[in-house]
Amino acid sequence: MYQSKVYRKQGGEEFVVASGGVLNIETGGKVKANGTQGAALTAQLTSITHTAPQTADYAIQDLTDTGGYGFASKDEGNTVLSVIKNLQVRLAEVEARLEALGMVATN
């Protein structure tokens, strides 16, 4: 017996997308829970700019108050900044995709 990959369960209380099935939300469509779209995410701050480390140093030591950087080395400080920048970029990409899907309101 053939079973559709996308179907409404008997009784109509559940919609199922089985393995290999696709839920396609067309342009302008939204995904809502209890009739409500997710709230907009907190607005992004301006992305930081930084100098790339000469050699990435991910083994960050305790902060120091004797140097000019607060880190044991300039590369440690620049590595932390590069990681923060990467997180900003990646989170912005997630937010853009959620907004494009209509899962959260736009800022």
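In this report, we go over the structure that sits alongside the text. Sequence order as written defines the numbering, with residues in each chain counted from 1. In keeping with the predicted nature of the model, local features appear solely for residues at pLDDT of at least 70, side-chain atom pairs appear and are counted solely at 80 or more, and the whole-chain, interface and lining totals rest on all residues. The side-chain quantities take in all heavy atoms of the structure and omit both hydrogens and water.

## Things to note about the overall build of the protein chain
Defined as follows: Per the convention used, a helix needs a DSSP run of H or I reaching at least four residues, while a strand needs a run of E reaching at least two, with both numbered from the N terminus. Based on C-alpha atoms, the radius of gyration is set beside the globule rule, defined as 2.2 Å times the residue count to the power 0.38. Three labels apply to residues, based on accessible area from a 1.4 Å probe with only protein chains included: buried if under 20% of the type maximum, exposed if over 50%, partly exposed otherwise in between. Whether two residues are in contact is decided by their heavy atoms, any of which lying within 4.5 Å being enough. Only the protein chains shown count as cover for residues, and the accessible areas themselves come from Shrake-Rupley with a 1.4 Å probe. We count Lys and Arg on the positive side and Asp and Glu on the negative side, and we leave His and both chain ends out. A charge is said to be at NZ when it belongs to Lys, at CZ for Arg, at CG for Asp and at CD for Glu.
Broken down by element type, the protein chain carries one helix and two strands. Reading the protein chain from its N end, one meets helices and strands in the order β-β-α. Relative to its length of 107 residues, the protein chain is extended, with a C-alpha radius of gyration of 23 Å against a globular reference of 13 Å. Seen along its three principal axes, the alpha-carbon backbone of the protein chain occupies a region of about 70 × 35 × 20 Å. Classification of the 107 residues of the protein chain by burial places 11% in the buried group. In the protein chain, the proportion of contacts linking residues at least 24 apart, taken out of those at least 6 apart, comes to 49%. Of the roughly 8,600 Å² of accessible surface on the protein chain, a fraction of 53% belongs to carbon and sulfur atoms. Considering the protein chain, the positive charge centre built from 9 side chains and the negative charge centre built from 11 side chains are found 14 Å apart.

## Focus: the pattern of salt bridges
Any two side chains of opposite charge can pair, on the condition that their charged atoms come close. Condition: Should a side-chain nitrogen of Lys or Arg be within 4 Å of a carboxyl oxygen of Asp or Glu, the pair is scored as a salt bridge.
If you walk through the whole model with that rule in mind, you get one salt bridge. A salt bridge links Glu14 to Lys9; the shortest N-O distance between them is 3.9 Å.

## Re the environment of Asn24
Topologically, Asn24 is positioned in the loop between β2 (15–17) and α1 (74–100). Overall, the relative accessible area of 60% leaves Asn24 in the exposed class. A C-alpha to C-alpha distance of 9.7 Å links Asn24 and Leu101, two positions 77 residues apart in sequence.

## Some remarks on α1
Heads up, the condition is: To estimate how far a helix should reach, multiply one less than its number of residues by 1.5 Å.
Under the 1.5 Å per step criterion, the end-to-end length of α1 is 39 Å for 27 residues, consistent within 8% with the ideal 39 Å. Taken together, the buried positions of α1 are Glu76, Gly77, Asn78, Thr79, Ser82 and Glu95. Positive phi appears at Gly102, one or two residues downstream of α1, with a value of about 80 degrees.

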